[in-house]
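# Topology and contacts: notes
What follows is each chain in one-letter form.
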Amino acid sequence: MNELYDKLQLVDGLIVAGYLLLLMIIGYRASFVGRKKDETLFMAGRSLNWYNIGFNMWGTNVGPSSLLAFASIGYATGIVAGNFEWYAFLFLCLLALVFAPRYIAAKVSTMPEYMGQRYGEGTRNILAWYALVKILVSWLSLGLFSGGVLVRQILGIPMWQSVTVLVAFAGLFTFAGGLRAIARVNVFQMLLLIAVSLTLSWLGIREVGGFQAFLSKVPPHYWNLVRPADDPSYPWTAMLLGYPVSAIAFFCTDQAMVQSVLGARNLEQGQLGIGFIGWLKVLALPLFILPGILCFVLYPGLENTDLAYMTMVTNLFPPGMTGLVIVVLIAVLVGTIGSSLNALSTVYTTDIYLKSNPQATTEDQIRVGRISIAIGCLFAIGMAVAIDNIRGQNLFNIFQAVLGFLAPSLSVTFLLAVFWKRTTRRTVNAILSWGSAFSLLVGILYLWVFPADRYPQWPHFLMLSFWIFAILMISAIFITLTDRKGREETAPEETGNLPATSRIVKISFTLLAIIILALYLFFNGHT
């Protein structure tokens, strides 16, 4: 990996410096030019249009770990990782057509605020602290750690220096301009990511000898999206049943993902933005997966498939272009960490500070939001360094898996809150608290007490997530049906005044559905 550092030349430094300067200009204009007098950091004055929303959600979603992981999976197994991007279409539809109209009609800034309107302050408190911990650990600490590992490998600097520079730069935009700055900067950054990744794929195909030569050298089963039920890594049963549990929690209820939609100019712009990220996800194959498959053809026998993306970069990008790779890595890090910091400050200020200080002025809210951003930066740096000192990157993978066990409780509560009016406060609070504890306990047993590599009796991780979801759903239904007092206290949601979905939104999602279906039909049946 240090080969990349050895190839750096003066022009690479100039490219990185020029990129940072341009990013600062864009961030400054978004932060201070045209800002409304009473606008806080959190919702961008509810002024975001569809491409700001789409690029920002995509930038939040595409972190450095996923950028490298898709290439790694492509190297080892082919295009099966496309399921994580293309199957997500269904849950983006769920967000756009079911959840977003309710969120925007309720005029909320956070997910805890929405659930608080439905079930009271107790539910809002539980979900607020849950969201803060989830953002701090999963989005900030672990996301920063993965980025720090990458930067350390490329530049050969200590972890604490890597993460400090990364979080300081990402935090600067959030501190100054909040959601507006992050959303505007991410438009530029994601366009850059597309350009560099497509260039890498094009260079790889040229190196192989052309597209036909490339196709002839790839095993036919690499082009299968659907794997057999006995596949140890990605069986179709686990993808079909288990992935939706995490996808609903991630796309429909996660503050860092949904906040861009809450800052939309109107519902139509929010829905079109959600549809736009679906179109961007179609590009996952040429952008992220194809470099891994090309690496398999060009450089077979890699001991660590995680190095597939950087192996392609090191061997194919000529001197003078490696600075662009560093720029892209900075871009995906700034996008993910910046959105996470903004989500953190929004939840803390809206759901905790304002509850005890309801008369706080806009200036007070901005000040508290910035303080929470600064504290979040320090916490993330400390956690990333601590994780590195304890176990290194393996611990990052373990923590990611543990956090995946928390998805079932969120999916159950939000689905019931929207689709079943009889759901009571007692049900929601029980699933968010005891349900989350149960899910985490199973995760600890799965990963540490009786690890799956030593106890093959465990089901696939995604199937285990589905079974936890099923248990919590059945429990929630039982609690609701037996909670007579709760049914009397819980007011049903008013859905009659929800804004209608426009024709252009329906057309956009219909066309996207056709494209996704065509992809699944095309990339299947190869042997």
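Everything in this summary refers to the structure shown in the same document. Given the structure is predicted, the values throughout are model-derived calculations rather than measurements. Each residue is numbered by its place in its chain's sequence as written, counting from 1. Under the rules for a predicted model, residues below a pLDDT of 70 receive no local features and side-chain atom pairs below 80 are neither given nor counted, while totals for whole chains, interfaces and linings still include all residues. Note that the side-chain values use all heavy atoms of the structure and ignore hydrogens as well as water.

## Details of the packing of aromatic side chains
Pairs were defined over the aromatic rings of Phe, Tyr and Trp, the Trp ring being its six-membered one, requiring ring centres within 6.5 Å. Orientation was assigned from the angle between planes: stacked under 30 degrees, edge-to-face over 60, tilted for the rest. Taken as a whole and assessed by the stated rule, the structure comprises 27 aromatic pairs. Taken together, the ring pairs connect Trp86, Phe211, Phe214, Trp223, Phe522 and Phe523 into an aromatic cluster.

## Focus: the packing of helix 6 (residues 89–106) against helix 7 (residues 111–119)
Only the stretch in contact is used when fitting a helix axis, every axis being a line fitted to C-alpha atoms; angles between N-to-C directions are given from 0 to 180 degrees. By definition, any uninterrupted DSSP run of H or I lasting at least four residues is a helix, any uninterrupted run of E lasting at least two residues is a strand, and each is numbered from the N terminus. Where helix 6 meets helix 7, the axes come as close as 10 Å, and the angle between the chain directions of the two elements is 80°. Considering their axes alone, helix 6 and helix 7 lie roughly perpendicular with respect to each other. Residues Arg102, Tyr103 and Ala106 of helix 6 form the contact with helix 7, whose participating residues are Met111, Tyr114 and Gln117. An angle below 35 degrees is read as roughly parallel, one above 145 as roughly antiparallel, one from 65 to 115 as roughly perpendicular, and any other as oblique. We call two residues in contact whenever any of their non-hydrogen atoms come within 4.5 Å of each other.

## Here we look at the pattern of salt bridges
Note on definitions: salt bridges are taken to be side-chain nitrogens of Lys or Arg within 4 Å of carboxyl oxygens of Asp or Glu. Applying the stated criterion across every chain yields a total of 6 salt bridges. Between Asp351 and Arg124 there is a salt bridge, and its shortest N-O distance comes to 2.7 Å. Within this pair, whereas Asp351 is found in helix 17 (residues 322–356), its partner Arg124 is found in helix 8 (residues 121–155), the two being separated by 227 residues in sequence. Buried residues are those whose accessible area, probed at 1.4 Å on protein chains only, stays under 20% of the maximum for their type, while exposed residues exceed 50% and partly exposed ones sit between those limits. Accessibility expressed as a relative area gives 1% for Asp351, which makes it buried. Arg367 is the partner of Asp364 in a salt bridge, and the nearest nitrogen-oxygen pair spans 3.7 Å. With a gap of 3 residues between them, Asp364 and Arg367 both fall in helix 18 (residues 362–390), about one helical turn apart.

## Structural notes on the nonpolar core
Counting residues in hydrophobic clusters, the biggest one holds 162 residues, and the most contacted among them are Trp58 and Phe99. The greatest single-element share of this core, amounting to 15 residues, is contributed by helix 17. Setting aside its immediate chain neighbours within four residues, Phe99 contacts Leu94, Cys252, Phe414, Leu415 and Val418. Nonpolar cores are built from buried Ala, Val, Leu, Ile, Met, Phe, Trp, Tyr and Cys residues. Side-chain atoms within 4.5 Å join them into one set.

## Considering the side chain of Asp254
Take Asp254: it is sitting in the loop between helix 12 (243–253) and helix 13 (255–262). Residue classification places Asp254 among the buried positions, given a relative accessible area of 5%. Any N or O atom pair separated by 3.5 Å or less is treated as a polar contact, with the protein-specific requirement of one donor-capable and one acceptor-capable atom, and with residues adjacent in sequence counted only for side-chain atom pairs. Here Lys134 takes part through its side chain, which lies 2.7 Å from a polar atom of the side chain of Asp254. A polar side-chain atom of Asp254 sits 3.0 Å from the main-chain amide nitrogen of Ala256. Discounting residues that sit within four places of it in the chain, Asp254 has contacts with Lys134, Trp139 and Ala249.

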